[in-house]
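So you can see what is in the structure, the chains are spelled out below.
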Amino acid sequence: MSPTRTDTTPGPSPRRADAQRNVDRILDATLEALASDPEASMAAIARRAGVVRATVYVHFPTREKLIEAVTQRAISEVTAAIEAVDPARGDPAGALERVVTAAWRTLARFHTLVEVNTRLPHADLHAMHEPVLAILVPLIERGQRDGAFRGDVPVAWHLSMLLALIHAASSELSAGRMPQTAVEAALVRTVLGAITGR
């Protein structure tokens, strides 16, 4: 009788798991800290995360790297939310409405981060959004082919305008000039009006 084989595939080491938990805590703490103070220091973030400042620097050598990591998390979550509403399904205008609504609602906990990132050069901001834009390009192209979206401007213009409107909406909300539900409704109507030309 052959000896019983066991799965010897190594799992994540305890040290690696601890490091990942620290990273997650630091990223969560960064979002919380920025919500109350967009200029929050690394020391303040470390205190909120319950780690020493040196631990933050081990994973993120500069504040810029930390903000970049939180931004990548936000972009990943927004990308997943857009994919979940299936932009290829249904008429282009309906798909666009689903996409904008899903993206906006996912951004709910990232509005201060959006404000912080608007200070970046336009090229850097555009590069950060590349995963989201890559999903939206086929939708805009489909809408233009169907005559549902304006075809007198390039796809890139529609995408730049969409990002600008989302950032403007985030600014209005962060400044407390409009409530969440009113901002969402205004954003969706404005995007659809601009892209469909109606």
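The rules behind these values
- Throughout, a residue's number is its position along its own chain's written sequence, starting from 1.
- For this predicted model, a pLDDT threshold of at least 70 governs which residues receive local features, and a threshold of 80 or more governs which side-chain atom pairs are given and counted, while totals over whole chains, interfaces and linings are taken from all residues.
- With hydrogens and water stripped out, all remaining heavy atoms of the structure feed into the side-chain values.
- Note on definitions: angles span 0 to 180 degrees between N-to-C directions of axes, and those axes are lines fitted to C-alpha atoms, for helices only across the stretch in contact.
- Only runs of H or I of at least four residues qualify as helices and only runs of E of at least two qualify as strands under DSSP, and these elements are numbered from the N terminus.
- For any pair of crossing helices, the crossing counts as left-handed if the nearer helix is rotated counterclockwise from the farther one by less than a right angle, and right-handed if it is rotated clockwise.
- Two residues qualify as a contact provided that any one of their heavy atoms is within 4.5 Å of a heavy atom in the partner residue.
- Nonpolar residues are Ala, Val, Leu, Ile, Met, Phe, Trp, Tyr, Cys and Pro. Charged residues are Asp, Glu, Lys and Arg, and all others, Gly as well, are polar.
- Cavities and pockets are defined on a 1 Å grid built over the protein atoms alone: a cavity is a set of grid points where a 1.4 Å probe fits but cannot escape, while a pocket is an open set with protein on both sides within 12 Å along at least five of seven lines, and lining residues are those with an atom within 4 Å of any such point.
- Grid points are joined across faces, edges and corners, and a volume is the space filled by probe spheres set on the points.
- Burial status follows relative accessibility: with a 1.4 Å probe on protein chains alone, a residue under 20% of its type maximum counts as buried, one over 50% as exposed, and anything between as partly exposed.
- We call two N or O atoms a polar contact when they sit within 3.5 Å, provided that within protein one can donate a hydrogen and the other can accept it, with sequence-adjacent residues counted only if both atoms are side-chain atoms.
- Expected span, for any helix, means 1.5 Å times one less than how many residues it has.
- To qualify as a nonpolar core, a set must consist of buried Ala, Val, Leu, Ile, Met, Phe, Trp, Tyr and Cys residues joined through side-chain atoms within 4.5 Å.
- The cut-offs work like this: below 35 degrees is roughly parallel, past 145 is roughly antiparallel, 65 to 115 is roughly perpendicular, and the gaps in between are oblique.

Caption draft 1: How the structure looks around the packing of helix 5 (residues 92-106) against helix 10 (residues 180-196). Running from N to C, helix 5 and helix 10 cross one another at 145 degrees; their axes reach a closest spacing of 10 Å. You can see that helix 5 and helix 10 cross each other, and the crossing is right-handed. Touching Ala93, Leu96, Glu97, Val100, Thr101, Trp104 and Arg105 of helix 5 are Gln180, Val183, Glu184, Leu187, Val188, Val191, Leu192 and Ile195, all from helix 10. Here the residues of the contact of helix 5 with helix 10 sort into 10 nonpolar, two polar and three charged.

Caption draft 2: How the structure looks around empty space enclosed by the protein. Counting across every chain of the model gives one cavity of 30 Å³ or more. Space inside the largest cavity adds up to approximately 300 Å³. Of all the secondary structure elements, the ones that give two or more residues to the lining of the largest cavity are helix 4 (63-84), helix 5, helix 6 (111-117), helix 7 (122-128), helix 8 (130-146) and helix 9 (155-174). At five residues, helix 4 tops the list of elements feeding residues into the lining of the largest cavity. Of the residues contributing to the lining of the largest cavity, the split by class is 18 nonpolar, four polar and no charged.

Caption draft 3: A look at the side chain of histidine 167. Relative to the helices and strands, histidine 167 resides in helix 9. Residue class for histidine 167 comes out buried when judged on its relative accessible area of 15%. Histidine 167 has contacts with Val114, Glu115, Thr118, Leu125 and His129, leaving out every residue within four places of it along the chain.

Caption draft 4: Up close: the layout of surface pockets. As a volume, the largest pocket reaches approximately 340 Å³. Lining of the largest pocket is provided by 16 residues; of these, Ile67, Glu68, Asn117, Leu120 and Met128 occupy positions nearest its centre. Elements with a contribution of two residues or more to the lining of the largest pocket: helix 4, helix 6 and helix 7. Counting residues per element, the lining of the largest pocket draws most heavily on helix 4, at eight residues. Taken together, the residues that form the lining of the largest pocket break down as six nonpolar, four polar and six charged.

Caption draft 5: Spotlight on the side chain of arginine 73. Position of arginine 73 relative to the elements: it lies in helix 4. For arginine 73, a relative accessible area of 18% gives the class buried. Side-chain polar atoms of arginine 73 contact the side chain of aspartate 28, separated by 2.6 Å. Sequence-distant contacts of arginine 73, defined by excluding residues within four places in its chain, comprise Asp24, Leu27, Asp28, Leu31 and Arg109.

Caption draft 6: A look at helix 9. With 20 residues, helix 9 extends 29 Å from end C-alpha to end C-alpha; this agrees with the ideal 28 Å at 1.5 Å per step. Of the positions making up helix 9, those classed as buried are Val155, His158, Leu159, Met161, Leu162, Leu163, Ile166, His167, Ala169, Ser170 and Leu173. Looking one or two residues beyond helix 9, the residue adopting positive phi is glycine 176, at roughly 75 degrees.

Caption draft 7: Region of interest: the nonpolar core. Formed by 59 residues in total, the largest nonpolar core has its most connected members in Ile26, Leu66, Ile82, Leu96 and Leu113. Going through the elements one at a time, helix 1 (14-36), helix 2 (42-49), helix 4, helix 5, helix 6, helix 8, helix 9 and helix 10 are the ones with two or more residues in this core. Here the element with the most residues in this core is helix 4; it accounts for nine residues.

Caption draft 8: Seen up close, the packing of helix 4 against helix 5. At a closest axis distance of 9 Å, the pairing of helix 4 and helix 5 adopts a crossing angle of 150 degrees. Taken together, helix 4 and helix 5 sit at an angle that is classed as roughly antiparallel. The handedness of the crossing between helix 4 and helix 5 comes out as right-handed. Contacts between helix 4 and helix 5 pair Glu77, Val78, Ala81 and Ile82 from the former with Val99, Ala102, Ala103 and Thr106 from the latter. Of the residues contributing to the contact of helix 4 with helix 5, the split by class is six nonpolar, one polar and one charged.

Treat this as a map of the structure, not an account of what it does.
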